[in-house]
Amino acid sequence: MKTMTCKQLGGACDKAFQGSTFEDIVELSKAHGMEMFQKQDPEHMEAMQRVMVMMQQPQAMQDFMEEKKKAFEALTED
C-alpha cells in the first residue's frame, strides 16, 4: 500500500488516501472531492476550479495526471 494526500494530488487538504495502485488512490480522491463539493468547502472548490481549467487543455490534464502517477510510483510501500 502507498499513501498520497489530497494536496499531493492537487487538492486542498492533508487527508491521506491509501491504495495499492494509482487508480485506487484516484478513486478515493474523487470520492473525497465529491464530498467536499457537496459541502462547498471553499479551499477544495478553488482546487477543483484549477482542475476544471486544466481540463480545457487535454494535454495539460494528461501531463498533470502523468506527473501525479510518477509521484505515486516513486513512493515506497507503507
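Only a predicted model underlies this, so the values are computations on that prediction, with no experimental measurement involved.

Visitor: Talk me through the nonpolar core; I want residue IDs and the actual numbers.
Guide: Met 4, Cys 6, Leu 9, Phe 17, Phe 22, Ile 25, Val 26 and Phe 72 together form the largest nonpolar core, which totals eight residues. Sorting elements by how many residues they give to this core places helix α1 (residues 22-39) first, with three residues.

Visitor: Any chance you could break down the pairing of strand β2 (residues 16-19) for me, citing the residues and the numbers?
Guide: Burial of the side chains of β2 is restricted to one face: Phe 17 and Gly 19 are buried, whereas none of Ala 16 and Gln 18 on the reverse face is. In this sheet, β2 lies alongside strand β1 (residues 2-5) in antiparallel orientation, the contact comprising four bridges. Considered in β2, the bridge of Thr 5 is made with Ala 16.

Visitor: Tell me about the environment of Ala 71, and name the residues and values.
Guide: Assignment of secondary structure puts Ala 71 in helix α3 (residues 58-74). We classify Ala 71 as partly exposed; its relative accessible area is 35%. Between the alpha carbons of Ala 71 and Thr 21 there is a distance of 12 Å; along the sequence they are 50 residues apart.

Visitor: Explain the pattern of salt bridges to me, using residue names and the numbers behind them.
Guide: Throughout the structure, instances matching the rule amount to six salt bridges. Across the pair Asp 14 and Lys 7 runs a salt bridge, and its minimum N-O distance is 3.7 Å. Looking at Asp 14, the relative accessible area reads 56%, which means it is exposed. Given a relative accessible area of 46%, Lys 7 falls into the partly exposed group.

Visitor: For the environment of Arg 50, give the residues involved together with the corresponding values.
Guide: Inspection of the secondary structure puts Arg 50 in helix α2 (residues 42-55). On the basis of relative accessibility, which here comes to 44%, the residue Arg 50 falls in the partly exposed class. Separated by 32 residues in the primary sequence, Arg 50 and Gln 18 place their C-alpha atoms 24 Å from one another.

About the criteria used
Residues numbered from 1 in each chain as written. Predicted model: local features only at pLDDT ≥ 70, side-chain atom pairs only at ≥ 80, totals over all residues. Heavy atoms only, no water. Core = buried A, V, L, I, M, F, W, Y, C linked by side-chain atoms within 4.5 Å. Buried < 20%, exposed > 50% of the residue type's maximum accessible area, 1.4 Å probe, protein only. Helix = DSSP H or I, 4+ residues; strand = E, 2+ residues; numbered from the N terminus. Pairing = 2+ DSSP bridges. Salt bridge = Lys/Arg side-chain N within 4 Å of Asp/Glu carboxyl O.

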